[in-house]
Amino acid sequence: MTRAVGTGVGAVTPLGATAAAAGGGVVGGRSGIRAIEDEWAQDLPVRIAARVDDAFAEALSVRESRRTDRAEQLALVAGREAWGSAGAPDVDPTRLAVAIGSANGGIATTLAQAKVLDEQGYRRVSPHTVTMLMANGPAAWLSIVLGAKAGARAPISACAAGTEAIAMGREMILAGSADVVVCGGVEAGVLPFSIAAFAQSRALSTRNDHPEKASRPFDVGRDGFVMAEGSAVLVLESEEHARARGATVHGVVAGAALTSDAFDIVGGDPENQARTITQAVRSAGLEPGDVGLVHAHATSTPAGDANEATAIRAALGTPPPVTSTKGATGHLLGASGALGVLTAVLALRDGIVPPTLNLDTQDPEIDLDVVRGPAQVTTARHALVNAFGFGGHSASVVVSRD
């Protein structure tokens, strides 16, 4: 059986507009979380977020800038970087696919054009509104730019969407329906409506006076996640295709599992999360003890972090070192799992595990070996990456060193 190997990486995150900037930022312990200075945020209960520098859009053509939503733009820039990083593979278009997940798609366009309709009437609504707001837009645009004709998949599974897209990419390669799949996630929802909605559900941190300290995975004082935006994309290839063209292999997506909790629309089920982890490890042909690193979903919510810790211990027994980079990046929702996979691939490749920021006092109920302080050296060959989303979407991916 072939393997799905990673040959290209791309990212646009609050830590920088490249995969190297994202990787270097989390390893270096930098935070991308800042106060929102915009006037629209001043009356909101939450006034912090992890935003992408608008300079990323300079890589877009004028046509793309005018006809795409911010989510589509982020995916295009990250996708192009990943494609270039892979060496722009010479592949039959009918053997090239795209899979980009998102939780909300073009929500900025939806809200903006709804306001135009209310205030100026239907004649002023942009003719590009539909293609800018549709949740499959990022996958569709990237497929057009790359000429991918083997599929443009767009999983919409909340915070598990990017992870599900990478699992889809692996499935397509193992099934023989594609030789190359450009896969990942994107989110662009740092908006008044989104922040107000999540704040009303009491999911967000309210540490407005200390933005860089607000996201605190596994810490006893965690009080919610920090909204973030960005995109992370990985180019997967069948091993035969990659070796034949002499491509550099950064890592292997060795296993994956996608399940549903069928438990609660918001709260996760640790028992099912543990089942997901177990299935992912088995699909990689591994035993629990083979996993040498865990990149946890760990968004910094009181219940979510505790549930995941329970699931990790149940599935892996005595767990290996665990990290969560959301202390640095905030929570990228549909892009978060893809960024987690990218982070794990780089950690195994480079032998360096990024720390979990702001873990001053670990919650005594979380019995995990969480990496804190400076980055740690690792010789691990296999890493587990988790992503869990509202609606009971549970996704786990196993990545391995080549």
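How each quantity is defined
Residue indices begin from 1 for each chain and proceed along its sequence in written order. Under the rules for a predicted model, residues below a pLDDT of 70 receive no local features and side-chain atom pairs below 80 are neither given nor counted, while totals for whole chains, interfaces and linings still include all residues. Derived side-chain values reflect all non-hydrogen atoms in the structure, with water molecules and hydrogen atoms excluded from consideration. Think of each axis as a best-fit line through the C-alpha atoms, taken over the contacting stretch in the case of a helix, with angles from 0 to 180 degrees between the N-to-C directions. Secondary structure elements follow DSSP: runs of H or I no shorter than four residues count as helices, runs of E no shorter than two count as strands, and numbering proceeds from the N terminus. An angle below 35 degrees is read as roughly parallel, one above 145 as roughly antiparallel, one from 65 to 115 as roughly perpendicular, and any other as oblique. Here is the rule for handedness: rotate from the far helix to the near one, and if that takes an anticlockwise turn smaller than a right angle the crossing is left-handed, while a clockwise turn gives right-handed. In what follows, residue pairs with any heavy atoms lying within 4.5 Å of each other are defined as contacts. Polar here means any residue other than Ala, Val, Leu, Ile, Met, Phe, Trp, Tyr, Cys and Pro, which are nonpolar, and Asp, Glu, Lys and Arg, which are charged; Gly is therefore polar. Working definition of a nonpolar core: buried Ala, Val, Leu, Ile, Met, Phe, Trp, Tyr and Cys residues. They are joined through side-chain atoms within 4.5 Å. Burial classes: relative accessible area under 20% of the type maximum marks a residue as buried, over 50% as exposed, and values in between as partly exposed (1.4 Å probe, protein chains only). When DSSP finds two or more bridges between two strands, those strands count as paired.

Overview of the packing of helix α10 (residues 270-283) against helix α11 (residues 302-316)
Between α10 and α11, whose axes approach to 8 Å, the crossing angle comes to 45 degrees. Here α10 is positioned oblique relative to α11, judged by the angle of their axes. Our pair here, α10 against α11, has a crossing hand that is right-handed. Across the interface between the two elements, Pro270, Gln273, Ala274, Ile277, Thr278 and Val281 of α10 pack against Asn307, Glu308, Thr310, Ala311, Ile312, Ala314, Ala315 and Leu316 of α11. Of the residues contributing to the contact of α10 with α11, the split by class is 9 nonpolar, 4 polar and 1 charged.

A short note on the nonpolar core
One finds Ile195, Leu236, Val341 and Val399 to be the most contacted residues of the largest nonpolar core, which totals 60 residues. A total of 9 residues in this core trace back to one element, the largest contributor, which is helix α13 (residues 336-350). Those residues in contact with Ile195 that sit more than four places away from it in its chain are Ile36, Trp40, Leu44, Val46, Val190, Leu204 and Met227. Of all hydrophobic cores here, the second largest spans 30 residues; its members include Val252, Val291, Ala298 and Ile366.

Notes on the pairing of strand β13 (residues 382-389)
Counted residue by residue, β13 has 8 buried out of 8 residues, so it is predominantly covered. Of the two faces of β13, the one lined by His382, Leu384, Asn386 and Phe388 and the one lined by Ala383, Val385, Ala387 and Gly389 are each fully buried. Examined bridge by bridge, strand β9 (residues 293-295) and β13 share 3 bridges and lie parallel to one another. By the bridge assignment for β13, Val294 is matched with Leu384. Relative to strand β14 (residues 393-400), β13 runs antiparallel, the two being bridged by 8 bridges. Directly across from His382, in β14, lies its bridge partner Ser400.

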